[in-house]
There are 2 protein chains.
Amino acid sequence: MEIKNVVVAGGGVLGSQIAFQSAYKGFNVTVWVRSEGSIDRAKPKFEVLKNTYLATLEAMKTNPAAYCRGLADDPKATPEQIDELKAKVVPAFEGIAFTTSYEEAARDADLIIEAIAEDPQQKIAFYEELAKHMPEKTILVTNSSTMLPSAFAEHTGRPAKYLALHFANEIWRNNTAEVMGHPGTDQAAYDQVVEFAAAIGMVPLKLHKEQPGYILNSMLVPFLSAAEALYANEVADPETIDKTWMLGTGAPVGPFRILDIVGLVTAYNIVIMNPLAKDPETTPGKIAAVLKKYIDEGKTGVAAGEGFYTYK
Amino acid sequence: MEIKNVVVAGGGVLGSQIAFQSAYKGFNVTVWVRSEGSIDRAKPKFEVLKNTYLATLEAMKTNPAAYCRGLADDPKATPEQIDELKAKVVPAFEGIAFTTSYEEAARDADLIIEAIAEDPQQKIAFYEELAKHMPEKTILVTNSSTMLPSAFAEHTGRPAKYLALHFANEIWRNNTAEVMGHPGTDQAAYDQVVEFAAAIGMVPLKLHKEQPGYILNSMLVPFLSAAEALYANEVADPETIDKTWMLGTGAPVGPFRILDIVGLVTAYNIVIMNPLAKDPETTPGKIAAVLKKYIDEGKTGVAAGEGFYTYK
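By the naming in an unreviewed UniProt entry, chain A is 3-hydroxyacyl-CoA dehydrogenase, NAD binding domain protein, taken from Slackia exigua. According to its UniProt record, chain A has this under Catalytic activity (unreviewed entry): "a (3S)-3-hydroxyacyl-CoA + NAD(+) = a 3-oxoacyl-CoA + NADH + H(+)".

1. Comments concerning the pattern of salt bridges
This model, assessed by the stated rule, comprises 32 salt bridges over all chains. With a shortest N-O distance of 2.6 Å, Glu-114 of chain A and Lys-123 of chain A are connected by a salt bridge. The class for Glu-114 of chain A is buried, based on a relative accessible area of 0%. Here Asp-110 of chain B ties to Lys-137 of chain B by a salt bridge, and the two come within 2.8 Å at their closest N and O atoms. Taken together, the residues span a long stretch of sequence, with Asp-110 of chain B in the loop between helix 5 (102-106) and strand 4 (111-114) and Lys-137 of chain B in the loop between helix 6 (120-131) and strand 5 (139-142) at a distance of 27 residues. With a relative accessible area of 4%, Asp-110 of chain B lands in the buried category. Overall, the relative accessible area of 27% leaves Lys-137 of chain B in the partly exposed class. Look at the salt bridges and you will find they share partners, linking Glu-58, Lys-61, Asp-83 and Lys-86 of chain A into a network.

2. With respect to the sheet that holds strand 6 (residues 162-167) of chain A
Residue and element names in this part refer to chain A. Within the open sheet, the eight strands sit side by side as 3-2-1-4-5-6-7-8. Their pairing is mixed. In the strand order of this sheet, the two ends are held by strand 3 (97-99) and strand 8 (203-207), each with one partner. Neighbour to neighbour, the strand axes of the sheet diverge by 25° on average, direction disregarded. Relative to strand 6, strand 5 (residues 139-142) runs parallel, the two sharing three bridges. Each residue of the ladder has a partner; that of Thr-142, found in strand 6, is Ala-164.

3. Here we look at helix 11 (residues 264-271) of chain B
Residues and elements named next belong to chain B. Every buried residue of helix 11 is listed here: Leu-264, Ala-267 and Val-271. One side of helix 11 carries all its buried residues, which in axial view fall inside an arc of 60°. Elements that come into contact with the buried residues of helix 11 comprise helix 8 (216-232), helix 10 (255-262) and helix 12 (283-296).

4. Focus: the domain arrangement of chain A
Taken domain by domain, chain A consists of domain 1 (5-207) and domain 2 (218-303). Here the C-alpha centroids of domain 1 of chain A and domain 2 of chain A sit 31 Å apart.

5. Considerations on unusual backbone geometry
All names here are of chain B. Phi at Glu-170 is positive, roughly 60°, even though this residue is not glycine. Of note, Glu-170 is situated in the loop between strand 6 (162-167) and strand 7 (176-181). The exposure class assigned to Glu-170 is partly exposed, which follows from its relative accessible area of 31%. In this model, Glu-234 sits at a positive phi of 60°, which is unusual for a non-glycine residue. Topologically, Glu-234 is positioned in the loop between helix 8 and helix 9 (238-249).

6. Quick notes on the packing of aromatic side chains
The relation between two aromatic rings is expressed through the spacing of the ring centres and the mutual angle of the planes. Per the stated rule, a full pass over the model turns up 35 aromatic pairs over all chains. Aromatic side chains Phe-223 of chain B and Trp-245 of chain B sit 4.4 Å apart centroid to centroid with 40° between the ring planes, which places their arrangement in the tilted category. Of this pair, Phe-223 of chain B sits in helix 8 while Trp-245 of chain B sits in helix 9, placing them 22 residues apart in sequence. Here Phe-223 of chain B falls in the buried class, since its relative accessible area comes to 0%. Judged by its relative accessible area of 2%, Trp-245 of chain B is buried. Counting every residue linked through ring pairs, the aromatic cluster contains Trp-32, Tyr-102, Phe-126, Tyr-127, Phe-152 and Tyr-162 of chain A.

7. Section: the sheet that holds strand 2 (residues 28-32) of chain B
Pairing is mixed in the open sheet, where eight strands are placed in the order 3-2-1-4-5-6-7-8 (chain B). Strands at the two margins of the open sheet, each flanked by one partner only, are strand 3 (97-99) and strand 8 (203-207) of chain B. Strand-to-strand, the axes of this sheet are offset by a mean angle of 25°, without reference to chain direction. Its contacts with the sheet place helix 9 (residues 238-249) of chain A against strand 7 and strand 8 of chain B, and it is angled at close to 135° to strand 8 of chain B.

The rules behind each value
- Residues numbered from 1 in each chain as written.
- Chains lettered and ligands numbered in written order.
- Predicted model: local features only at pLDDT ≥ 70, side-chain atom pairs only at ≥ 80, totals over all residues.
- Heavy atoms only, no water.
- UniProt positions renumbered as here; feature names shortened; annotations may be inferred.
- Salt bridge = Lys/Arg side-chain N within 4 Å of Asp/Glu carboxyl O.
- Buried < 20%, exposed > 50% of the residue type's maximum accessible area, 1.4 Å probe, protein only.
- Helix = DSSP H or I, 4+ residues; strand = E, 2+ residues; numbered from the N terminus.
- Pairing = 2+ DSSP bridges.
- Axes fitted to C-alpha atoms, helices over the stretch in contact; angles between N-to-C directions.
- Arc of directions from axis to C-beta.
- Contact = heavy atoms within 4.5 Å.
- Domains from an automatic or database assignment.
- Phe/Tyr/Trp six-rings, centres within 6.5 Å; stacked < 30°, edge-to-face > 60°.

Spelled out as structure tokens, the structure:
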């Protein structure tokens, strides 16, 4: 089966990006959301994406640093080739359908990408209702960052055609697509999802096993925790720690710059999952206290204009 | 006191680099080694360094990628300016004195940099003998990667003027100089060591507290362990893990490329320090087994021409 009809469930930040990128790459895209109100809230996100794609493509004509692999396979695309790509943006935008009907969404779906809230009860209810309407052919994937597909497989009605396809924010620029099955996922469905990820301009990153945090966060979380510990234990300041990492590994940014991008609230929520964080004398407790101080001052990261660094 | 006379104890890989770099930057340098045989073994390393400095400076005239900050402050140095720097290399090489005498080494030393074997008994014996000969002015630093200055301070006879100054391999290219005191280190001595590190073209990275692993390894070890765990647990292969890190963080290399540079024997020695590594069912046990397999096949990293990647 070739994937043509793609349904994205959820009109949030990632859902809208996945839908827009799929439409830009030529797939028939339907966005399913829970209510008419959700459609109204989602639509402006697509308007913003349309403008971002057009502006980024335009910038790519003259500025090599503007290049986004999700927008053009060739980093050396000519201005004429970029104009051809720009011509795809408005039709993609206009072609995206919206529905609140499970039946309408599922009817002829080759692939359904679930990108709804990270709430297991909501996901289970969604999957169970969806299962009543999906044709046999449909492959179902979740974009969940924090939950494993094995937790939901039995609720989908098609465990063999259910797996995870995990995107990063700003998918047209950050092209990771981690593909992860559960023990009952069929290889054929897995391979089709890998192929689809590549077809929408992502770099498919194959996991052979279920892994909480996938590949990237499995490394990022201990790395950032180690950096946070150095600062919370007053060994060194964020600037020195970042400089050391950059000089020592050649990386363009250090851990505190990454924390500013991730957002300090997310970092805080991760550290307080550790029961030790309740004790202010422990390293997790000290990290939580440092992050809370920044958060209380409104310094939550790049999005707020200030975190460990200032972006105003 | 201004630092002029620098003694480097140890003619190994790092000792010879620190001595050569200090001489290149205009300091009076004496290398102390244990025996005449050690002098014979050290001298060819200085010959190699001389040629490396000359060749790298020459390459910097035409190739911006060859630039090494330790060799020229200005990345845009002109060919004429580079010729002036090249003219310093041979006199630096010729000016380095060698001795096996504690007394001669210590007599007028402003700074002694200990870079002898990572063996606590050898270090203690060295410090206790040295203490008999050092004038009061001498600041003593250790380049130890794995031991804390507080472990040796009482043996130096001058705990207030004793601290750690930790270099990375290829110091003319990798300019990190982690500066770390123990609780009894005087601020004035600490500040002079920071100043000296900057004067020989390093980037001083200040630690406010003792920290095993300093800054860089405190982050690198958990980061590399997390990557090793993903591979040892068969979640993904090294190429995929590296690609994910590079795409996700913009880094030029991933963890397995770094492991090849660090060397798999070092990585193995770090993991077997964990008592869990004795149990083959644990993650550390699985990591140890994976690394041992590569090591047994001679794939120990870049230096061997092959590790996780091939460099032949």
